[in-house]
Amino acid sequence: MAKPRVIYWFRTDLRLHDSPALKAALELNPEAFWPVWTWDPHYVYRARVGTNRWQFLIDCQNDLSKSITKLNKKSKLFLIREAPQTLFPKLFKAWKITHLVFEKDTDAYARDRDAAIMEAAKEAGVEVIVRSGRTLWDSDELVKKNHGKPTMSMSQVQAAGPKVGPIPRPIPAPKSIPNPGQTSLDFGQDQPEMSPDFNSTSRKHDDKSYDKISGPKEDFAVPTLEELGFPAATTSHRGGETVALKALDEIIANEKYTATFEKPNTAPTAFSPQSTTLLSPHLHFGSLSIREFYWRVQDIVDNFSGKSSQPPVSLTGQLLFRDMYFGAQAALGYSFGQTMHNSHCRFIPWHLPSKVDHKTKLVTGEYHIDSPQADEWFQRWKNGMTGFPWIDALMRQLRQEGWIHHLGRHAVACFLTRGGCYISWERGAEVFEELLLDHETACNAGNWQWLSCTAFFAQFYRCYSPIAFPQKWDKEGEFVRKYVPELAKLDKKYIYEPWKAPITDQKKAGVSVKGDGKVKEKGVYPKPMFDFSERRTICLDGMKNAYHVGLYGDHEKVIDGTWRTLFDDAAEGPTEGKNFKDAMSGNGKKIRDGEDADGDDDDGAVAEDESGAAERGGENKGGDKGKAGTKRKAGQGTLDGHVKRAKK
DNA sequence: CGTGTAGTTGCTATC
DNA sequence: TGATAGCAACTACAC
């Protein structure tokens, strides 16, 4: 039998420490061993990646390559610029490969890609070894132990996780790495399909990263921002396993911080230093292992003499949330990243909904402009020109640094969706996808659904104010002064609502509050794009109504557009019956048929009259086939105030 | 089954 | 200055 000739395929595990897959690969005792990264056009063109995240990826790849070379000066990270689906079959032959090893990836695209690669390997007689290593628990196993259902709450994760098994202790980095075999590529390069390019507007010039299969110097080097056509990064946050482990060391060294960390008590306005760990981008690229993070923290907590914090607010609790979102995505696949066809995402008639290809059931990347005003609000939100300093400061920090505090993400997400603009969470998720260094498909989609109250969370009446909320953390407005320098000299009385500043105060501060924020002008800060409390009331009404209608993304009425007949034409959102060709005959009277919300007619899809519907507290979720939801009369609700009153 | 309680991180007025 | 009640009223889970 031939001695193992192994490709180790790096993807979301850009590290040497605690890699179960890398360990399995080295245990084959290979005769030849190639650490490979395939430069996948899907990531280059069909994912939204801003310049700061490109820089972070490049940092990680360069650092890993250096670390490999330290272990074996003949080796490095071999970057090959071609889609893995076409590359590997050629590579298997050219390098006489016997084994392909990689870490499991449960992202929807990654599953399709890896299935194709495994099929190709089978045909080529190459053995494939896959190990879980990206999460605390294997996400598919977590789902299995959660009765085969997506993990939609923390308690489900805390129940199912231990059933999968104890969280593994981290594996040390390897002490040696075998020589690579030959690296000649005696085959042609399949050129990628460059269109559509989701990143075209960010590029200075066309992407050149595919000009030669092994790079411009034919040395398998990591591509540069210049090759990609991107401008220089603006963030100071840097990637790589070396800086990740050093940052972890520094956090762990502060035992009190580590053991008593409570997320809701960390200030979203802190910037020098920030109040949280900044380790999430490293978890995304795998430059830090989540189990390394978990156990280093847990060991401190176990030996801490004082009172330590507990999940969900503790540091380890944050990691559990990540596994929850991965479990939800592992079960729901592509649909988890969108509303349409998503059985667990509520349907709300947001403005600017995604365009969907109903053949593939996937969003196309474009959206409907049902309201020019909503689109204008969206552009202003995106560019940090809403006229609300707290929102604008956060959005500018996001663009510049690629990171904002979790509570800041709450603030801008609530503002864009249920607490201001009433715009689809998918628009916001796309902006985060482009700009966040730590963008993780599962966590991003999950958090946007959480904040928009379409899944995971439902208390939509808890709404963040762009004025009161930051006031609680930063009375002086230091955060706004840093990221919105126009307002740097404004009196703290007006820092979160500068439109209220008298002209004399504006003059003193050297700023003029005027205009619609469409263009940036020196010494000018825009007026707020709407009256917040007015919008808050409109959004709350809209949410209440949409919850009563009770549709989910996989409901046939959502898919075929007849959901419009269930909403008032006067309601917020693209609900105008006249735009819908098949609007039910007769008047536009609201029909609240919560009974029909699951698409089954097992309990008789009878439309309720107004009084009957008014008593209904919304129907149970759509995916809960065959089960009528628990009905509870409105007056019977378990009311916070009621309970407290009763106690008195 | 129904009922009571809890849920990572709201806001405002009042003491 | 910090704790508490009231606001209007969600779902999930435990018992």
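- Labelled according to an unreviewed UniProt entry, chain A appears under the name Photolyase/cryptochrome alpha/beta domain-containing protein, originating from Cadophora malorum.
- Under the UniProt heading Sequence similarities (unreviewed entry), the note attached to chain A is "Belongs to the DNA photolyase class-1 family."

**Digging into the overall build of chain A**
1) Next: Tallying secondary structure elements over chain A gives 25 helices and nine strands in all.
2) Next: Going through the 648 residues of chain A one by one, you find that 57% of them count as buried.
3) Next: For chain A, restricting intrachain contacts to residue pairs at least 6 apart in sequence, the fraction spanning at least 24 positions comes to 73%.
4) Next: Carbon and sulfur atoms make up 51% of the accessible area of chain A, which amounts to about 28,400 Å² in all.

**A look at the UniProt feature "domain: Photolyase/cryptochrome alpha/beta" (unreviewed entry) in chain A**
1) Next: The sites that UniProt annotates as "domain: Photolyase/cryptochrome alpha/beta" (unreviewed entry) are residues 4-136.
2) Next: In this annotation, residues 4-136 is assigned 46% helix and 19% strand; the end-to-end C-alpha distance for the span is 30 Å.

**Details of the packing of aromatic side chains**
1) Next: For the structure on display, the rule yields 42 aromatic pairs.
2) Next: Ring geometry for W381 versus F432: centroids 6.5 Å apart, planes at 15°, classification stacked. A residue pair is termed long-range when its members are at least 10 positions apart, and W381 in helix α14 (residues 372-382) and F432 in helix α17 (residues 425-435) qualify at 51 residues.
3) Next: Here a set of aromatic residues connected by ring pairs shows up, and it is made of F271, W390, Y464, F469, W473, F479 and Y483.
4) Next: Between the NZ or CZ atom of R535 and the centre of the ring of F530, over which it lies, the distance is 5.9 Å.

**Here we look at the pattern of salt bridges**
1) Next: For the structure shown, the criterion picks out 35 salt bridges.
2) Next: A salt bridge links K500 to E497; the shortest N-O distance between them is 3.0 Å.
3) Next: Note on K500: relative accessible area 49%, which makes it partly exposed.
4) Next: Where salt bridges share partners, they join R11, D105, D107, R113, D114, R134, R322 and E440 into one cluster.

**Things to note about the sheet that holds strand β5 (residues 127-131)**
1) Next: Reading across from one edge, β3-β2-β1-β4-β5 is the order of the five strands in this open sheet, with parallel pairing throughout. Edge positions in the sheet fall to β3 (78-80) and β5, since each of these pairs with one other strand and no more. Strand-to-strand, the axes of this sheet are offset by a mean angle of 30°, without reference to chain direction.
2) Next: Note: strand β4 (residues 99-103) against β5, five bridges, orientation parallel.

**Topic: the nonpolar core**
1) Next: Core analysis: the biggest nonpolar cluster contains 109 residues, and F293, W381 and F415 have the highest contact counts within it.
2) Next: With nine residues, helix α13 (residues 315-332) is the single largest residue contributor to this core.
3) Next: For W381, the residues in contact, after removing those within four places along its chain, are T386, I391, M395, V412, F415, L416, G428, V431, F432 and W448.

**Re the UniProt feature "binding site: FAD" (unreviewed entry) in chain A**
1) Next: Feature annotation in UniProt assigns "binding site: FAD" (unreviewed entry) to the following positions: T276, T277, L278, L279 and S280.
2) Next: Position of T277 among the secondary structure elements: in the loop between α10 (255-260) and α11 (280-285).
3) Next: Residues contacting T277, with those up to four places away along its chain left out, are I251, Y257, F293 and L315.
4) Next: By the element assignment, L279 lies in the loop between α10 and α11.
5) Next: By relative accessible area, which is 1% here, L279 ends up buried.
6) Next: With sequence-adjacent residues up to four places away left out, L279 is seen in contact with A244, A247, L248, I251, L288 and F293.

**Examining the state of the cysteines**
1) Next: Inspection of the entire model under this criterion finds zero disulfides.
2) Next: Not part of a disulfide, C421 finds its nearest cysteine sulfur in C539, a span of 7.6 Å.
3) Next: Look at C421 and you get buried, because its relative accessible area is 0%.
4) Next: Free cysteine: C443, not disulfide-bonded; nearest cysteine sulfur from C345 at 16 Å.

**A closer look at the pairing of strand β7 (residues 362-367)**
1) Next: Relative to β7, strand β6 (residues 354-357) runs antiparallel, the two being bridged by three bridges. The residue bridging V356 from the neighbouring strand is V363, located in β7.
2) Next: Between β6 and β7, which pair antiparallel one after the other, the connecting turn spans four residues, and K361 there sits at a positive phi close to 65°.

**Some words on the packing of helix α7 (residues 154-164) against α13**
1) Next: Running from amino to carboxyl end, α7 crosses α13 at an angle of 90°, the nearest separation of the two axes being 9 Å. It follows that α7 is roughly perpendicular to α13 by the angle criterion. On α13, the residues touching M154, V157 and Q158 of α7 are G317, L320, F321 and M324.
2) Next: Among the residues forming the contact of α7 with α13, the class breakdown is five nonpolar, two polar and no charged.

**Re the packing of helix α4 (residues 84-94) against helix α5 (residues 108-124)**
1) Next: Look at α4 against α5: their axes get within 9 Å of each other, and the N-to-C directions meet at 20°. Judged by the inter-axis angle, α4 sits roughly parallel to α5. In the packing of α4 onto α5, the handedness of the crossing is right-handed. Counted together, P84, Q85, F88, P89 and F92 of α4 and Y109, R113, A116, I117, A120, A121 and A124 of α5 form the full contact between these two elements.
2) Next: Here the residues of the contact of α4 with α5 are counted per class, giving 10 nonpolar, one polar and one charged.

**Examining helix α9 (residues 241-253)**
1) Next: In this model α9 runs 18 Å from its N-terminal to its C-terminal C-alpha over 13 residues, within 8% of the 18 Å that 1.5 Å per residue would give.
2) Next: Contacts from the buried residues of α9 go to α3 (51-71), α10, α11 and α12 (290-302).

**Points about the side chain of S308**
1) Next: As for its placement among the helices and strands, S308 is situated in the loop between α12 and α13.
2) Next: Assessed through its relative accessible area of 18%, S308 is described here as buried.
3) Next: Contact partners of S308, with chain neighbours within four places excluded, come to A259 and V301.

**Digging into the confidence of the model for chain A**
1) Next: Mean pLDDT over chain A: 89, with 89% of residues reaching 70 or higher.
2) Next: Segment residues 580-648: pLDDT under 50, and 79 contacts once partners within four positions in sequence are set aside and those in other chains are kept.

Here is what the cut-offs are and how they apply
Residues numbered from 1 in each chain as written. Chains lettered and ligands numbered in written order. Predicted model: local features only at pLDDT ≥ 70, side-chain atom pairs only at ≥ 80, totals over all residues. Heavy atoms only, no water. UniProt positions renumbered as here; feature names shortened; annotations may be inferred. Helix = DSSP H or I, 4+ residues; strand = E, 2+ residues; numbered from the N terminus. Buried < 20%, exposed > 50% of the residue type's maximum accessible area, 1.4 Å probe, protein only. Contact = heavy atoms within 4.5 Å. Areas by Shrake-Rupley, 256 points an atom, 1.4 Å probe, with all protein chains shown as cover. Phe/Tyr/Trp six-rings, centres within 6.5 Å; stacked < 30°, edge-to-face > 60°. Lys NZ or Arg CZ within 6 Å of the ring centre and 35° of its normal. Salt bridge = Lys/Arg side-chain N within 4 Å of Asp/Glu carboxyl O. Pairing = 2+ DSSP bridges. Axes fitted to C-alpha atoms, helices over the stretch in contact; angles between N-to-C directions. Core = buried A, V, L, I, M, F, W, Y, C linked by side-chain atoms within 4.5 Å. Disulfide = S-S within 2.5 Å. Parallel < 35°, antiparallel > 145°, perpendicular 65-115°, else oblique. Nonpolar A, V, L, I, M, F, W, Y, C, P; charged D, E, K, R; others polar. Left-handed = near helix turned anticlockwise from the far one by under 90°. Expected span 1.5 Å × (residues − 1). pLDDT = per-residue confidence, 0-100.

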